Amino acid sequence: MALAILALTGLLVSLYMLAYSFGLVGQLICGVGNCEAVQSSPYSRMGPIPVAALGVVGYLALMAFSLAGLQPGSKGSRLIPLALLGGGIIGVAFSAYLTYLEAFVIRAWCQWCVISAILMVLALLAAIPEAKRIGESK
Amino acid sequence: MSERQAGGSLRGFYMVFGAVALIGIGALGYNLVSKAMGTPATTLVNLEEVRDDMRLLRDMAVPVVKGDPEAPVMVVVFGDYLCNHCGEFSLRERPRLEEEYISTGKARLIFYDFVLDPTPEAGAFLAARAARCAGDQGRFWEYHDRLYRSQITWAMESDKLGSFEEYGEDVGLDGREFKACLNSDRYAQEVSANWEMARALGLGGTPAVLVGAEGGMSRSLPNYYFETIKRAIEEILSEAAAN
(Lines give C-alpha, C1' and ligand atoms only; values in the text may rest on other atoms or scores of the structure.)
Protein backbone atom coordinates (compact mmCIF):
# COMPACT_ATOMS: atom_id res chain seq x y z
CA MET A 1 0.00 0.00 0.00
CA ALA A 2 2.83 2.34 0.90
CA LEU A 3 4.36 1.57 -2.47
CA ALA A 4 1.27 2.79 -4.37
CA ILE A 5 1.27 6.07 -2.45
CA LEU A 6 5.02 6.55 -2.99
CA ALA A 7 4.58 5.82 -6.72
CA LEU A 8 1.67 8.25 -6.93
CA THR A 9 3.75 10.98 -5.24
CA GLY A 10 6.64 10.28 -7.62
CA LEU A 11 4.24 10.42 -10.55
CA LEU A 12 2.98 13.86 -9.46
CA VAL A 13 6.56 15.15 -9.08
CA SER A 14 7.48 13.82 -12.52
CA LEU A 15 4.34 15.35 -14.06
CA TYR A 16 5.31 18.73 -12.60
CA MET A 17 8.79 18.48 -14.10
CA LEU A 18 7.36 17.31 -17.42
CA ALA A 19 4.90 20.22 -17.50
CA TYR A 20 7.86 22.53 -16.88
CA SER A 21 9.87 20.99 -19.71
CA PHE A 22 6.94 21.67 -22.07
CA GLY A 23 6.73 25.26 -20.84
CA LEU A 24 3.33 24.71 -19.21
CA VAL A 25 4.30 26.00 -15.78
CA GLY A 26 6.26 29.15 -15.01
CA GLN A 27 9.37 29.39 -12.88
CA LEU A 28 9.94 26.15 -10.96
CA ILE A 29 9.20 26.27 -7.25
CA CYS A 30 12.70 25.66 -5.96
CA GLY A 31 13.46 26.47 -2.33
CA VAL A 32 16.72 24.51 -2.26
CA GLY A 33 19.34 24.27 -5.00
CA ASN A 34 19.15 25.57 -8.54
CA CYS A 35 16.40 23.67 -10.35
CA GLU A 36 16.53 25.87 -13.46
CA ALA A 37 20.25 25.15 -13.99
CA VAL A 38 19.56 21.40 -13.84
CA GLN A 39 16.42 21.56 -15.95
CA SER A 40 17.99 23.72 -18.64
CA SER A 41 21.12 21.56 -18.83
CA PRO A 42 21.50 19.15 -21.77
CA TYR A 43 21.12 16.26 -19.28
CA SER A 44 17.45 17.06 -18.74
CA ARG A 45 16.72 15.28 -22.03
CA MET A 46 17.68 11.96 -23.54
CA GLY A 47 17.60 12.82 -27.21
CA PRO A 48 14.16 14.28 -27.85
CA ILE A 49 12.68 12.78 -24.68
CA PRO A 50 12.58 14.80 -21.45
CA VAL A 51 13.97 12.76 -18.53
CA ALA A 52 10.78 13.69 -16.64
CA ALA A 53 8.77 11.71 -19.21
CA LEU A 54 10.76 8.59 -18.27
CA GLY A 55 9.88 9.33 -14.63
CA VAL A 56 6.19 9.58 -15.50
CA VAL A 57 6.26 6.23 -17.31
CA GLY A 58 8.28 4.53 -14.54
CA TYR A 59 6.15 5.76 -11.64
CA LEU A 60 2.93 5.09 -13.57
CA ALA A 61 4.01 1.49 -14.15
CA LEU A 62 5.03 1.06 -10.48
CA MET A 63 1.70 2.52 -9.36
CA ALA A 64 -0.31 0.33 -11.73
CA PHE A 65 1.47 -2.86 -10.62
CA SER A 66 1.23 -1.98 -6.93
CA LEU A 67 -2.52 -1.29 -7.27
CA ALA A 68 -2.92 -4.55 -9.18
CA GLY A 69 -1.10 -6.30 -6.34
CA LEU A 70 -3.74 -5.10 -3.89
CA GLN A 71 -6.52 -6.88 -5.73
CA PRO A 72 -7.61 -10.17 -4.15
CA GLY A 73 -7.00 -12.12 -7.38
CA SER A 74 -3.32 -11.10 -7.53
CA LYS A 75 -2.21 -13.49 -4.76
CA GLY A 76 0.33 -15.96 -6.11
CA SER A 77 1.09 -13.86 -9.19
CA ARG A 78 4.68 -14.10 -10.41
CA LEU A 79 4.53 -11.14 -12.80
CA ILE A 80 3.57 -8.46 -10.26
CA PRO A 81 6.39 -9.07 -7.72
CA LEU A 82 8.88 -9.31 -10.59
CA ALA A 83 7.64 -6.02 -12.11
CA LEU A 84 7.69 -4.25 -8.73
CA LEU A 85 11.22 -5.38 -7.83
CA GLY A 86 12.59 -5.01 -11.38
CA GLY A 87 11.00 -1.59 -11.79
CA GLY A 88 12.25 -0.48 -8.38
CA ILE A 89 15.83 -1.60 -9.09
CA ILE A 90 15.89 0.08 -12.53
CA GLY A 91 14.35 3.22 -11.01
CA VAL A 92 16.93 3.39 -8.22
CA ALA A 93 19.82 2.79 -10.65
CA PHE A 94 18.56 5.52 -12.99
CA SER A 95 18.00 7.92 -10.07
CA ALA A 96 21.56 7.22 -8.86
CA TYR A 97 22.88 8.10 -12.32
CA LEU A 98 20.88 11.37 -12.37
CA THR A 99 22.08 12.23 -8.85
CA TYR A 100 25.67 11.60 -9.97
CA LEU A 101 25.13 14.02 -12.90
CA GLU A 102 23.79 16.67 -10.54
CA ALA A 103 26.66 16.28 -8.08
CA PHE A 104 29.63 15.93 -10.40
CA VAL A 105 28.72 17.06 -13.90
CA ILE A 106 26.10 19.82 -13.69
CA ARG A 107 27.23 20.77 -10.16
CA ALA A 108 23.81 22.07 -9.24
CA TRP A 109 20.96 20.47 -7.36
CA CYS A 110 17.30 20.31 -8.21
CA GLN A 111 15.15 19.65 -5.16
CA TRP A 112 12.50 17.85 -7.23
CA CYS A 113 15.08 15.46 -8.67
CA VAL A 114 16.40 14.73 -5.17
CA ILE A 115 12.83 14.18 -3.89
CA SER A 116 12.20 11.82 -6.80
CA ALA A 117 15.40 9.88 -6.08
CA ILE A 118 14.43 9.52 -2.39
CA LEU A 119 10.91 8.40 -3.38
CA MET A 120 12.39 5.81 -5.70
CA VAL A 121 14.64 4.36 -2.98
CA LEU A 122 11.68 4.24 -0.57
CA ALA A 123 9.56 2.63 -3.32
CA LEU A 124 12.16 -0.11 -3.78
CA LEU A 125 12.29 -0.70 -0.01
CA ALA A 126 8.48 -0.87 0.08
CA ALA A 127 8.42 -3.15 -2.96
CA ILE A 128 10.38 -5.92 -1.21
CA PRO A 129 7.76 -6.93 1.41
CA GLU A 130 4.97 -6.14 -1.05
CA ALA A 131 6.44 -8.47 -3.68
CA LYS A 132 6.96 -11.14 -1.03
CA ARG A 133 3.35 -10.85 0.13
CA ILE A 134 1.91 -11.05 -3.40
CA GLY A 135 4.28 -13.83 -4.43
CA GLU A 136 3.21 -16.08 -1.55
CA SER A 137 1.05 -18.91 -2.83
CA LYS A 138 -2.70 -18.75 -2.17
CA MET B 1 -6.13 -10.68 8.59
CA SER B 2 -9.85 -11.39 8.30
CA GLU B 3 -11.73 -10.41 5.14
CA ARG B 4 -13.56 -7.64 7.01
CA GLN B 5 -10.27 -6.22 8.41
CA ALA B 6 -8.67 -6.41 4.95
CA GLY B 7 -11.65 -4.63 3.41
CA GLY B 8 -11.48 -1.90 6.06
CA SER B 9 -7.76 -1.33 5.63
CA LEU B 10 -8.17 -1.22 1.82
CA ARG B 11 -10.90 1.39 2.22
CA GLY B 12 -8.54 3.45 4.38
CA PHE B 13 -5.79 3.05 1.82
CA TYR B 14 -8.02 4.21 -1.05
CA MET B 15 -9.03 7.27 0.99
CA VAL B 16 -5.38 8.24 1.59
CA PHE B 17 -4.51 7.45 -2.04
CA GLY B 18 -7.41 9.57 -3.29
CA ALA B 19 -6.50 12.45 -0.97
CA VAL B 20 -2.86 12.46 -2.18
CA ALA B 21 -4.03 12.31 -5.81
CA LEU B 22 -6.51 15.16 -5.27
CA ILE B 23 -3.99 17.42 -3.53
CA GLY B 24 -1.31 16.69 -6.15
CA ILE B 25 -3.59 17.18 -9.14
CA GLY B 26 -5.00 20.34 -7.54
CA ALA B 27 -1.51 21.83 -7.03
CA LEU B 28 -0.46 20.88 -10.55
CA GLY B 29 -3.67 22.30 -12.01
CA TYR B 30 -3.19 25.53 -10.06
CA ASN B 31 0.31 25.90 -11.55
CA LEU B 32 -0.96 25.24 -15.07
CA VAL B 33 -3.88 27.67 -14.79
CA SER B 34 -1.87 30.47 -13.19
CA LYS B 35 0.71 30.05 -15.95
CA ALA B 36 -1.98 30.13 -18.67
CA MET B 37 -3.35 33.34 -17.16
CA GLY B 38 0.14 34.68 -16.51
CA THR B 39 1.84 37.78 -17.79
CA PRO B 40 4.93 37.72 -19.98
CA ALA B 41 8.36 38.20 -18.44
CA THR B 42 9.70 41.32 -20.11
CA THR B 43 12.92 41.97 -18.28
CA LEU B 44 15.94 40.33 -16.72
CA VAL B 45 15.70 37.89 -13.84
CA ASN B 46 17.94 38.85 -10.95
CA LEU B 47 20.92 36.49 -11.05
CA GLU B 48 23.12 38.37 -8.60
CA GLU B 49 23.78 35.18 -6.66
CA VAL B 50 25.53 33.47 -9.56
CA ARG B 51 27.13 36.57 -11.10
CA ASP B 52 30.59 35.72 -9.77
CA ASP B 53 30.39 31.99 -10.39
CA MET B 54 31.49 31.65 -14.02
CA ARG B 55 31.11 27.90 -13.98
CA LEU B 56 27.49 28.01 -12.83
CA LEU B 57 26.81 30.90 -15.18
CA ARG B 58 28.15 28.85 -18.09
CA ASP B 59 25.81 26.02 -17.16
CA MET B 60 22.84 28.35 -16.94
CA ALA B 61 23.60 30.30 -20.12
CA VAL B 62 21.97 28.37 -22.92
CA PRO B 63 22.93 29.12 -26.51
CA VAL B 64 21.09 28.12 -29.66
CA VAL B 65 23.36 25.99 -31.79
CA LYS B 66 23.31 25.33 -35.50
CA GLY B 67 25.47 22.83 -37.34
CA ASP B 68 27.40 19.65 -36.75
CA PRO B 69 28.29 19.16 -33.05
CA GLU B 70 31.54 17.52 -34.22
CA ALA B 71 32.56 20.52 -36.36
CA PRO B 72 36.18 21.55 -35.65
CA VAL B 73 35.47 25.29 -35.43
CA MET B 74 33.03 27.23 -33.25
CA VAL B 75 31.65 30.58 -34.31
CA VAL B 76 30.12 32.17 -31.21
CA VAL B 77 27.82 35.14 -31.75
CA PHE B 78 26.30 37.38 -29.08
CA GLY B 79 23.39 39.28 -30.56
CA ASP B 80 20.61 41.67 -29.66
CA TYR B 81 17.33 41.93 -31.54
CA LEU B 82 17.31 45.71 -31.42
CA CYS B 83 20.81 46.09 -32.83
CA ASN B 84 20.74 46.82 -36.55
CA HIS B 85 24.26 45.46 -37.14
CA CYS B 86 23.05 42.18 -35.64
CA GLY B 87 20.29 42.25 -38.25
CA GLU B 88 22.86 42.81 -40.97
CA PHE B 89 24.91 39.93 -39.67
CA SER B 90 21.91 37.60 -39.53
CA LEU B 91 20.31 38.51 -42.82
CA ARG B 92 23.39 39.28 -44.94
CA GLU B 93 26.47 37.55 -43.53
CA ARG B 94 25.07 34.46 -41.82
CA PRO B 95 23.60 32.87 -44.98
CA ARG B 96 27.10 32.88 -46.54
CA LEU B 97 28.62 31.51 -43.36
CA GLU B 98 26.00 28.77 -43.28
CA GLU B 99 26.47 27.85 -46.91
CA GLU B 100 30.24 27.67 -46.80
CA TYR B 101 31.00 26.42 -43.30
CA ILE B 102 27.97 25.38 -41.25
CA SER B 103 26.21 23.15 -43.77
CA THR B 104 29.55 21.61 -44.79
CA GLY B 105 30.29 20.57 -41.19
CA LYS B 106 33.44 22.70 -40.91
CA ALA B 107 32.02 25.03 -38.26
CA ARG B 108 29.05 25.36 -35.98
CA LEU B 109 27.26 28.50 -35.02
CA ILE B 110 26.57 29.18 -31.34
CA PHE B 111 24.19 32.04 -30.65
CA TYR B 112 23.79 33.75 -27.27
CA ASP B 113 21.38 36.59 -26.54
CA PHE B 114 22.94 39.81 -25.31
CA VAL B 115 20.05 42.18 -24.70
CA LEU B 116 21.66 45.62 -24.64
CA ASP B 117 18.59 47.44 -23.38
CA PRO B 118 16.75 45.06 -21.04
CA THR B 119 13.97 47.50 -20.11
CA PRO B 120 10.44 46.16 -20.76
CA GLU B 121 9.64 49.17 -22.99
CA ALA B 122 12.48 48.35 -25.39
CA GLY B 123 11.09 44.87 -26.07
CA ALA B 124 14.45 43.24 -26.84
CA PHE B 125 14.23 40.92 -23.86
CA LEU B 126 10.74 39.80 -24.88
CA ALA B 127 11.99 39.36 -28.46
CA ALA B 128 14.80 37.09 -27.24
CA ARG B 129 12.28 35.02 -25.27
CA ALA B 130 9.93 34.92 -28.26
CA ALA B 131 12.67 33.51 -30.51
CA ARG B 132 13.37 30.80 -27.98
CA CYS B 133 9.66 30.01 -27.69
CA ALA B 134 9.69 29.59 -31.48
CA GLY B 135 12.66 27.28 -30.96
CA ASP B 136 10.39 24.98 -28.93
CA GLN B 137 8.61 24.30 -32.22
CA GLY B 138 11.86 23.98 -34.19
CA ARG B 139 11.58 27.45 -35.77
CA PHE B 140 14.18 29.46 -33.86
CA TRP B 141 16.19 30.64 -36.86
CA GLU B 142 13.13 31.47 -38.97
CA TYR B 143 11.72 33.54 -36.12
CA HIS B 144 15.11 35.08 -35.34
CA ASP B 145 15.38 36.33 -38.94
CA ARG B 146 11.73 37.44 -38.95
CA LEU B 147 12.44 39.67 -35.94
CA TYR B 148 15.40 41.23 -37.70
CA ARG B 149 13.46 41.78 -40.93
CA SER B 150 10.83 43.80 -39.04
CA GLN B 151 13.16 45.26 -36.45
CA ILE B 152 12.22 48.88 -37.10
CA THR B 153 8.50 48.09 -37.12
CA TRP B 154 8.25 46.30 -33.79
CA ALA B 155 10.79 48.58 -32.14
CA MET B 156 8.35 51.47 -32.74
CA GLU B 157 5.21 49.53 -31.78
CA SER B 158 3.66 49.94 -28.38
CA ASP B 159 2.02 46.48 -28.56
CA LYS B 160 5.17 44.44 -29.05
CA LEU B 161 3.51 41.28 -27.78
CA GLY B 162 0.90 41.51 -30.53
CA SER B 163 3.60 41.92 -33.19
CA PHE B 164 5.57 38.98 -31.86
CA GLU B 165 2.45 36.79 -31.91
CA GLU B 166 1.81 37.86 -35.50
CA TYR B 167 5.38 36.94 -36.52
CA GLY B 168 4.77 33.55 -34.93
CA GLU B 169 1.91 32.98 -37.36
CA ASP B 170 4.12 34.16 -40.23
CA VAL B 171 6.71 31.48 -39.57
CA GLY B 172 4.08 28.78 -39.12
CA LEU B 173 4.05 28.34 -35.35
CA ASP B 174 1.24 26.73 -33.42
CA GLY B 175 -0.29 29.94 -32.10
CA ARG B 176 -1.68 28.54 -28.87
CA GLU B 177 1.52 26.92 -27.76
CA PHE B 178 3.57 29.95 -28.79
CA LYS B 179 1.30 32.39 -26.94
CA ALA B 180 1.37 30.23 -23.81
CA CYS B 181 5.16 30.31 -23.87
CA LEU B 182 5.32 34.02 -24.63
CA ASN B 183 2.82 34.91 -21.89
CA SER B 184 4.95 33.34 -19.21
CA ASP B 185 8.43 33.61 -17.77
CA ARG B 186 9.73 30.76 -19.92
CA TYR B 187 13.33 31.36 -21.01
CA ALA B 188 13.60 34.48 -18.83
CA GLN B 189 16.29 32.70 -16.83
CA GLU B 190 18.24 31.55 -19.90
CA VAL B 191 18.18 34.96 -21.61
CA SER B 192 19.20 36.60 -18.32
CA ALA B 193 22.04 34.11 -17.82
CA ASN B 194 23.26 34.79 -21.38
CA TRP B 195 23.25 38.51 -20.58
CA GLU B 196 25.21 37.94 -17.36
CA MET B 197 27.73 35.79 -19.21
CA ALA B 198 28.23 38.38 -21.97
CA ARG B 199 28.91 40.97 -19.29
CA ALA B 200 31.24 38.64 -17.40
CA LEU B 201 33.19 38.13 -20.64
CA GLY B 202 33.51 41.89 -20.89
CA LEU B 203 31.73 42.19 -24.23
CA GLY B 204 30.99 45.79 -24.98
CA GLY B 205 28.57 45.58 -27.88
CA THR B 206 26.75 43.48 -30.40
CA PRO B 207 27.14 41.58 -32.57
CA ALA B 208 30.17 40.15 -30.81
CA VAL B 209 31.71 37.36 -32.87
CA LEU B 210 34.25 34.96 -31.42
CA VAL B 211 35.89 32.18 -33.36
CA GLY B 212 37.84 29.28 -31.92
CA ALA B 213 38.77 25.65 -32.33
CA GLU B 214 36.46 23.20 -30.60
CA GLY B 215 37.61 22.81 -27.00
CA GLY B 216 40.13 25.66 -27.32
CA MET B 217 40.16 29.38 -26.65
CA SER B 218 38.07 31.64 -28.85
CA ARG B 219 39.26 35.00 -30.06
CA SER B 220 37.10 38.01 -30.56
CA LEU B 221 36.88 39.33 -34.12
CA PRO B 222 37.05 43.03 -34.93
CA ASN B 223 33.82 42.91 -36.97
CA TYR B 224 31.03 40.59 -38.08
CA TYR B 225 31.69 40.51 -41.82
CA PHE B 226 31.76 37.16 -43.52
CA GLU B 227 35.24 37.72 -44.96
CA THR B 228 36.65 38.35 -41.46
CA ILE B 229 34.96 35.27 -40.06
CA LYS B 230 36.10 33.23 -43.05
CA ARG B 231 39.75 34.24 -42.51
CA ALA B 232 39.58 33.27 -38.83
CA ILE B 233 37.98 29.90 -39.66
CA GLU B 234 40.48 29.15 -42.41
CA GLU B 235 43.38 29.90 -40.06
CA ILE B 236 42.07 27.39 -37.54
CA LEU B 237 41.35 24.79 -40.22
CA SER B 238 44.85 25.11 -41.71
CA GLU B 239 46.44 24.94 -38.22
CA ALA B 240 44.44 21.78 -37.57
CA ALA B 241 45.49 20.32 -40.93
CA ALA B 242 49.16 21.12 -40.24
CA ASN B 243 48.99 19.29 -36.91
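Quick caveat, the model's predicted, so the values are computed rather than measured.

To continue, consider the overall build of chain B. In terms of helices and strands, chain B carries 10 helices and 5 strands. In chain B, which comprises 243 residues, the proportion classed as buried is 37%. The contacts in chain B between residues at least 6 apart in sequence include a share of 78% that link residues at least 24 apart.

Take the overall build of chain A next. For chain A, the helix and strand inventory stands at 5 helices and 2 strands. Along its sequence from the N terminus, chain A presents helices and strands in the succession α-α-β-β-α-α-α. Taking all 138 residues of chain A together, 43% fall into the buried category. Across chain A, contacts joining residues at least 24 apart in sequence account for 77% of those joining residues at least 6 apart.

Moving on, we get to the nonpolar core. With 97 residues, the main nonpolar core has Ala7 and Ala123 of chain A together with Val75, Ala127 and Ala130 of chain B as its most contacted residues. Here Ala130 of chain B is in contact with Tyr143, Phe164 and Leu182 of chain B, once residues within four sequence places are set aside.

Next up on the list: the environment of Arg139 of chain B. Residue and element names in this part refer to chain B. For Arg139, the location among the structural elements is in the loop between α4 (124-136) and α5 (140-149). Taking the C-alpha atoms as reference, Arg139 lies 8.3 Å from Gly172; in sequence the two are 33 residues apart. If we ignore the near neighbours within four places in the chain, the residues touching Arg139 are Ala134, Val171, Gly172 and Leu173.

Opposite the 25 residues of chain B that make contact, chain A presents 22 residues. Only α1 (3-36), α2 (54-60), α8 (175-182) and α9 (188-200) of chain B provide two or more residues apiece to the side of chain B that touches chain A. Tallying contributions element by element places α1 of chain B first for the side of chain B that touches chain A, with 11 residues. Grouping the constituent residues of the side of chain B that touches chain A by class yields 13 nonpolar, 5 polar and 7 charged.

The step from Thr206 of chain B to Pro207 of chain B runs through a cis peptide bond, and the omega angle for that step is -5 degrees. Relative to the assigned elements, Pro207 of chain B resides in the loop between α9 and β4 (208-213). Even without being a glycine, Arg107 of chain A presents a positive backbone phi close to 55 degrees. Topologically, Arg107 of chain A is positioned in the loop between α4 (79-106) and α5 (111-135). Even without a glycine there, the phi angle at Tyr187 of chain B is positive, about 70 degrees.

The next subject is the packing of α4 of chain B against helix α7 (residues 160-170) of chain B. Residues and elements named next belong to chain B. Their axes nearest at 11 Å, the elements α4 and α7 cross at an angle of 25 degrees. The orientation of α4 relative to α7 falls into the category roughly parallel. Pair α4 / α7 crosses with right-handed handedness. Contacts between α4 and α7 involve Leu126, Ala127, Ala130 and Ala134 from the first element and Lys160, Leu161, Phe164 and Gly168 from the second. In terms of residue class, the contact of α4 with α7 is built from 6 nonpolar, 1 polar and 1 charged.

What follows deals with the packing of helix α1 (residues 2-21) of chain A against α5 of chain A. Residue and element names in this part refer to chain A. Where α1 contacts α5, the two axes come as close as 9 Å, and the packing angle between them is 155 degrees. When the interaxial angle is binned, α1 and α5 end up roughly antiparallel. The crossing of α1 and α5 is left-handed. Mapping the contact onto sequence places Ala2, Leu3, Leu6, Ala7, Thr9, Gly10, Val13, Ser14, Tyr16 and Met17 in α1 and Trp112, Ile115, Ser116, Leu119, Met120, Leu122, Ala123, Ala126, Ala127 and Glu130 in α5. Looking at side-chain class alone, the contact of α1 with α5 contains 15 nonpolar, 4 polar and 1 charged residues.

This part covers helix α3 (residues 84-102) of chain B. Side chains three or four residues apart in an α-helix point the same way, a direct result of the helix having 3.6 residues per turn. Residue and element names in this part refer to chain B. A rise of 1.5 Å per residue sets the reference length of α3, with its 19 residues, at 27 Å; its end C-alpha atoms lie only 23 Å apart and thus fall more than 12% short of the reference. Approximately 45 degrees is the largest bend angle found in α3, and it occurs at Glu93, with the proline Pro95 only one to four residues beyond. Buried within α3 we find Cys86, Gly87, Phe89, Ser90, Glu93, Arg94, Leu97, Tyr101 and Ile102. As for α3, its buried residues are in contact with β1 (64-66), β2 (73-79), β3 (107-113), α5, α6 (151-156) and α10 (226-242).

All names here are of chain B. One open sheet accounts for 5 strands, arranged β1-β3-β2-β4-β5; its pairing is mixed. Two strands lie at the open edges of the sheet, namely β1 and β5 (218-220), each paired on one side alone. The mean angle between the axes of side-by-side strands here comes to 20 degrees, regardless of whether they run parallel or antiparallel. As paired strands, β2 and β3 are joined by 7 bridges and run parallel to one another. What sits directly across from Gly79, in β3, is Asp113.

Residue and element names in this part refer to chain B. Judged by how many residues are buried, β3 sits mostly within the fold: 6 of 7 residues are covered. Across 3 bridges, β1 lies against β3 in antiparallel orientation. Bridging across to β3, Val65 finds its partner in Ile110. A crossover connection joins β2 to the parallel β3 through α3; in handedness this β-α-β unit is right-handed.

Residue and element names in this part refer to chain B. With 6 bridges connecting them, β2 and β4 associate as antiparallel partners. Bridged to Val77 within β4 is Val209. Where β4 lies against β5, 3 bridges are found, and the strand directions are antiparallel. Following the sheet pairing, Gly212 is matched in β5 by Ser218. Between the antiparallel neighbours β4 and β5 lie 4 residues, among them Gly215 with a positive phi of about 80 degrees.

Conventions and cut-offs
Residues numbered from 1 in each chain as written. Chains lettered and ligands numbered in written order. Predicted model: local features only at pLDDT ≥ 70, side-chain atom pairs only at ≥ 80, totals over all residues. Helix = DSSP H or I, 4+ residues; strand = E, 2+ residues; numbered from the N terminus. Buried ≥ 20, exposed ≤ 12 C-beta atoms within 10 Å, placed from the backbone. Contact = placed C-beta atoms within 7 Å. Core = buried A, V, L, I, M, F, W, Y, C linked by C-beta atoms within 7 Å. Nonpolar A, V, L, I, M, F, W, Y, C, P; charged D, E, K, R; others polar. Axes fitted to C-alpha atoms, helices over the stretch in contact; angles between N-to-C directions. Parallel < 35°, antiparallel > 145°, perpendicular 65-115°, else oblique. Left-handed = near helix turned anticlockwise from the far one by under 90°. Expected span 1.5 Å × (residues − 1). Bend = angle between axes of the 7 residues up to and from the residue. Pairing = 2+ DSSP bridges. Right-handed = clockwise from strand over helix to strand, strands pointing away.

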